[in-house]
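Each chain is listed here by its residues.
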Amino acid sequence: MQESDAAVVRRVRAGDVEAFALLVDRHHARLARYALRMMGDRGEAEELVQDAFVRAYGALARYKEREQFGAWILRILVNRCRSSLAREARRLAAAAAWIHETAATFDPAEPITQRDELSAALGRLPADLREAVLLRYADELGYEEISAITGAGISALKMRVKRACERLRAMLEPTRAGR
Amino acid sequence: MPDAESLLSRELRALLREPVDLGPAARARVMQRVRAAAALRAAVPRARGAVRATVLGALLAASFVVSIVTANARSGGNGTHGRTLADTIAVHFAAASDADWPVIAREKLVAVADVTHDLAPKPHPGAPARRN
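None of the values given here were measured: they were computed from a predicted structure.

Student: Is there a simple way to think about the overall build of chain B in this case?
Tutor: What chain B contains, in helices and strands, is five helices and zero strands. Seen in sequence order, chain B has helices and strands lined up from the N terminus as α-α-α-α-α. Buried positions account for 17% of the 132 residues belonging to chain B. Counting only contacts in chain B whose residues sit at least 6 apart along the sequence, the fraction spanning at least 24 positions is 76%.

Student: For this particular structure, what's the right way to read the overall build of chain A?
Tutor: Counting its secondary structure elements, chain A contains nine helices and zero strands. When the helices and strands of chain A are listed from N to C terminus, the series reads α-α-α-α-α-α-α-α-α. Split into buried and exposed, the 179 residues of chain A put 30% on the buried side. Taking the intrachain contacts of chain A between residues at least 6 apart in sequence as the baseline, contacts between residues at least 24 apart amount to 66%.

Student: Would you take a moment to explain unusual backbone geometry for this structure?
Tutor: Trans is the common state for peptide bonds, and a negative phi is the common state for residues other than glycine. Phi at E140 of chain A takes a positive value of approximately 55°, unusual for a residue other than glycine. With respect to the helices and strands, E140 of chain A occurs in the loop between α7 (127-138) and α8 (143-150).

Student: For this particular structure, what's the right way to read the packing of helix α2 (residues 20-39) of chain A against helix α2 (residues 24-43) of chain B?
Tutor: Each pair of packed helices can be described by the angle between their axes along with the distance between the axes. For the pair α2 of chain A and α2 of chain B, the least separation of the axes is 10 Å and the interaxial angle reads 140°. Relative to α2 of chain B, the crossing made by α2 of chain A is right-handed. Contacts between α2 of chain A and α2 of chain B involve F20, A21, V24, D25 and H28 of chain A on the former and, on the latter, A26, R27, V30, M31 and V34 of chain B. Looking at the contact of α2 of chain A with α2 of chain B, its residues break down into seven nonpolar, one polar and two charged.

Student: I tried to follow the confidence of the model for chain B on my own but got confused; where do I start?
Tutor: Segments scoring low in pLDDT should not have their predicted coordinates read at a detailed level. Residues and elements named next belong to chain B. Looking at chain B, pLDDT values average 67 and 32% of them are 70 or higher. Within chain B, helix α5 (residues 106-116) has the poorest average pLDDT of any element, 61, and α2 the best, 91. Scored below 50 in pLDDT, residues 75-80 makes eight contacts in the model with residues more than four places away or belonging to other chains. Interface scoring of the predicted complex returns ipTM 0.75; its pTM is 0.63.

Student: Honestly, the nonpolar core in this entry has me stumped. Any pointers?
Tutor: The nonpolar side chains of soluble globular proteins are, as a tendency, buried together. One finds L31, A35, V49 and L77 of chain A to be the most contacted residues of the largest nonpolar core, which totals 51 residues. A per-element tally of this core places α2 of chain A first, with 10 residues.

Student: Hey, could you run me through α7 of chain A in this one?
Tutor: Because the α-helix completes a turn every 3.6 residues, residues three or four places apart line up on one side. All names here are of chain A. Among the 12 residues that make up α7, 10 are buried, leaving the element largely enclosed by the rest of the structure. Within the sequence span of α7, burial applies to L129, R130, E131, A132, V133, L134, L135, R136, Y137 and A138. Residue E140 follows α7 closely and has a positive phi angle near 55°.

Student: Hey, could you run me through the interface of chain A and chain B in this one?
Tutor: Bring the parts together and some accessible area is lost; that lost area is often taken as the interface size. Listed by partner, the interface residues are 31 residues for chain A and 23 residues for chain B. Those elements giving two or more residues to the side of chain A that touches chain B turn out to be α2, α3 (42-58), α6 (114-124), α7 and α9 (154-177) of chain A. If one sorts the elements of the side of chain A that touches chain B by residue count, α2 of chain A sits on top with nine residues. Considered class by class, the residues forming the side of chain A that touches chain B number 18 nonpolar, four polar and nine charged.

Student: What is the right way to look at the environment of R55 of chain A in this model?
Tutor: Residue and element names in this part refer to chain A. Positionally, R55 belongs in helix α3. For R55, a count of 16 C-beta atoms within 10 Å corresponds to the partly exposed category. In sequence terms R55 and R80 are 25 residues apart; their C-alpha atoms lie 9.8 Å from each other.

Student: Would you explain the environment of V54 of chain A in this entry?
Tutor: For V54 of chain A, the location among the structural elements is in helix α3. In this structure V54 of chain A comes out as partly exposed when scored by C-beta crowding, with 18 C-beta atoms within 10 Å. Leaving out residues up to four positions away in the same chain, V54 of chain A has contacts with R33, V34 and A37 of chain B.

Procedures and definitions
- Residues numbered from 1 in each chain as written.
- Chains lettered and ligands numbered in written order.
- Predicted model: local features only at pLDDT ≥ 70, side-chain atom pairs only at ≥ 80, totals over all residues.
- Helix = DSSP H or I, 4+ residues; strand = E, 2+ residues; numbered from the N terminus.
- Buried ≥ 20, exposed ≤ 12 C-beta atoms within 10 Å, placed from the backbone.
- Contact = placed C-beta atoms within 7 Å.
- Axes fitted to C-alpha atoms, helices over the stretch in contact; angles between N-to-C directions.
- Left-handed = near helix turned anticlockwise from the far one by under 90°.
- Nonpolar A, V, L, I, M, F, W, Y, C, P; charged D, E, K, R; others polar.
- pLDDT = per-residue confidence, 0-100.
- Core = buried A, V, L, I, M, F, W, Y, C linked by C-beta atoms within 7 Å.

Written out as structure tokens, the structure is:
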């Protein structure tokens, strides 16, 4: 039977640093998915996921076992992504410019996958809507869990998810209908 | 409010859930940083008596700047090329050996530097060292 996250955390707290690799293996892909879809940049996503793990390691003494380790570290990552987005407003402006530029220089000979379209559409969503829709549909969390992670109220979150879905549909469906 | 499930197709939801794997190297890099953090934690003693972590950090930062500047002056600005953080720490402790203020065990700090494999900062001749 697989050792629970809580048991691994106990080992790490007792001084077995290498046991932390188990937690990294278990949660890295999920965190990477969130960070990549949230930030839109692979290098930055990797950096933020690293930061989240290092911060989690440093804060293990404060981790309460009644909470799932996965939810706890996801909350750390969500906060890291928020800070990064807030700090790098200029980067966002550059990304928006890049999206417009890409649209203007679009080469119809180059195949665009649905995945590319989705990434671009996610990049155009405001950060709070993107965060809500990713936690709801990529991480498949319930609204109560999302509320615990983001600090937003459940009705506000439902509204964000609804708006995000509407915008994604508006951005993605016309392009698909036109093919 | 209508259920948002109906607003996003199954296809799109599947794409959102698609796993992202940054590869084993990315996971290895996480562990490299975690080991460095663990070594640093082991090297820096907890606040004892009147010595607080912030004071300790300020003392260390100041002493590093001094050691980098003095090392650079001795080598004429060229000798720091390829110098590792461990080397800089060694210079710092050697220079401070007569004083009372190195409060961290030199061996432990050098061990941290070896784990991180950091190169020491190379101050630009004539320009003050800056850290962001």
